[in-house]
Amino acid sequence: MYTTRSRARSAAVCVATLCVMGATSLPALAASSPSPSAVSALDRQLLTAAHQGNLWEIATGQQAQGAATTACVRRVGADFVRDHRTLDAGVIKTAAQLGVTLPSMQTAAQQRKTAALKSLARTTAYDAAWLKAQYAAHAQTVALIDKEIASGTNPLVKSLAKSARPVVARHTQMVNRGVCHA
């Protein structure tokens, strides 16, 4: 009985000591919870570009569901909406964990592209323009993801990039060189 109480008291003292010393005095614990200062410019670039890209993909995917003339483009648009909502949830969560503020909207160029696509709604030109725009955006995103995986510094952002890569690569194949592959 005495040894059980003694062990419990020792454990309580150890826990209290950790609280007083702070977790940052233990390298293993400090490494497991990255701080905002551990986020490189590339990490921030990926989080920002991914978030704005997701916003654009969701908006144009929704647009395609009503504006496309082919079932393939409508189906791919729906897939993009579903997948980019999921991807963006991960981006938002990671950015919040790291103290990175994300923009609230798409870039001006993305907004212009969305408007240009909208002007072609319900024409065959829409489908072709949408597919080309999606291919270019996804190819650019794969390149940024690969750069983050190779050179990023924050383990949370690198992990996010690694998990997003197969989804974005699959999307690239679905709109490969402006041809729809649902």
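What counts, and where the lines are drawn
- Along each chain, the written sequence defines residue order, and numbers are assigned to residues from 1.
- Local features are withheld for residues below a pLDDT of 70 in this predicted model, meaning they are given only at 70 or higher, and side-chain atom pairs are given and counted only at 80 or more; totals for whole chains, interfaces and linings count all residues.
- Heavy atoms from the whole structure form the basis of all side-chain values; hydrogens and water molecules are not counted.
- The rule for a disulfide is simple: a pair of cysteine sulfur atoms within 2.5 Å.
- Under the DSSP-based scheme used, a helix requires at least four consecutive residues in state H or I and a strand at least two consecutive residues in state E, with every element numbered from the N terminus.
- Burial classes: relative accessible area under 20% of the type maximum marks a residue as buried, over 50% as exposed, and values in between as partly exposed (1.4 Å probe, protein chains only).
- Only four residue types enter the charge count: Lys and Arg as positive, Asp and Glu as negative, with His and the chain ends excluded.
- Salt bridges are identified by distance alone: a Lys or Arg side-chain nitrogen within 4 Å of an Asp or Glu carboxyl oxygen.
- In what follows, a contact means two residues having at least one pair of non-hydrogen atoms within 4.5 Å.
- Axis lines are fitted to C-alpha atoms, over the contacting stretch for helices. Their N-to-C directions set the angle, which ranges from 0 to 180 degrees.
- Should an angle fall under 35 degrees it is called roughly parallel, over 145 degrees roughly antiparallel, and 65 to 115 degrees roughly perpendicular, with every other angle called oblique.
- The sense of a crossing depends on the near helix, which, turned anticlockwise from the far helix by less than a right angle, makes the crossing left-handed and, turned clockwise, makes it right-handed.
- Polar contacts here mean pairs of N or O atoms no more than 3.5 Å apart (in protein, one a potential hydrogen donor and the other a potential acceptor; neighbouring residues in sequence count only if both atoms are side-chain atoms).
- Ten residues, namely Ala, Val, Leu, Ile, Met, Phe, Trp, Tyr, Cys and Pro, are considered nonpolar, four, namely Asp, Glu, Lys and Arg, are considered charged, and the remaining ones, Gly among them, are considered polar.

**As for the state of the cysteines**
Consideration 1: This model, assessed by the stated rule, comprises one disulfide.
Consideration 2: The disulfide that involves Cys72 links it to Cys180, with 2.1 Å between the sulfurs. Across the S-S bond of Cys72 and Cys180 the torsion is about -95 degrees, and the bridge reads as left-handed. Of this pair, Cys72 sits in helix 4 (residues 71-98) while Cys180 sits in the segment after helix 7 (155-174), and the two are 108 residues apart along the sequence. The same class applies to Cys72 and to Cys180, which are both buried.

**Observations regarding the side chain of Glu148**
Consideration 1: Mapped onto the secondary structure, Glu148 falls in helix 6 (residues 124-151).
Consideration 2: Buried within the structure, Glu148 lacks any salt-bridge partner; its nearest side chain of opposite charge belongs to Lys158, at an N-O separation of 6.3 Å.
Consideration 3: Among residues more than four places away in sequence, those in contact with Glu148 are Leu42, Asp43, Leu46, Thr153, Asn154, Val157, Lys158 and Ala161.

**Digging into the packing of helix 3 (residues 41-67) against helix 4**
Consideration 1: In the contact formed by helix 3 and helix 4, the axes pass within 8 Å of each other and the chain directions differ by 155 degrees. Overall, the two elements helix 3 and helix 4 adopt an arrangement that is roughly antiparallel. The two elements helix 3 and helix 4 meet at a crossing, and its hand is left-handed.

**Here we look at unusual backbone geometry**
Consideration 1: In this structure, Arg122 is a non-glycine residue whose phi angle is positive, near 60 degrees.
Consideration 2: Within the secondary structure, Arg122 sits in the loop between helix 5 (108-118) and helix 6.
Consideration 3: The phi torsion at Arg177 lies on the positive side, around 55 degrees, for a residue other than glycine.
Consideration 4: Its place among the elements puts Arg177 in the segment after helix 7.

**Some thoughts on the environment of His171**
Consideration 1: Relative to the helices and strands, His171 resides in helix 7.
Consideration 2: Taking the C-alpha atoms as reference, His171 lies 8.1 Å from Tyr135; in sequence the two are 36 residues apart.
Consideration 3: There is a polar contact of 2.7 Å between the side chain of His171 and the side chain of Asp83.

**Considerations on the pattern of salt bridges**
Working definition: two side chains of opposite charge can pair if their charged atoms are close together.
Consideration 1: Applying the stated criterion to the full structure yields four salt bridges.
Consideration 2: Here Arg82 and Asp83 are joined by a salt bridge, their closest N and O atoms 3.0 Å apart.
Consideration 3: Residue Arg82 is classed as partly exposed on the basis of its relative accessible area of 45%.
Consideration 4: With a relative accessible area of 10%, Asp83 lands in the buried category.
Consideration 5: Via salt bridges that share partners, Asp79, Arg82, Asp83 and Arg170 belong to a single interconnected network.

**Some remarks on the packing of helix 3 against helix 6**
Consideration 1: Direction vectors running N to C along helix 3 and helix 6 enclose 160 degrees, while the axes themselves pass 11 Å from each other. With respect to helix 6, the element helix 3 is oriented roughly antiparallel. Of the two elements, helix 3 crosses helix 6, and the hand of that crossing is left-handed. Across the interface between the two elements, Leu42, Asp43, Gln45, Leu46, Ala49, Trp56, Glu57, Thr60, Gly61, Gln63, Ala64 and Ala67 of helix 3 pack against Tyr126, Asp127, Trp130, Ala133, Gln134, Ala137, His138, Leu144, Ile145, Lys147, Glu148 and Ser151 of helix 6.
Consideration 2: Here the residues of the contact of helix 3 with helix 6 sort into 12 nonpolar, seven polar and five charged.

In short, the description is geometric, and any link to function would need to be established separately.
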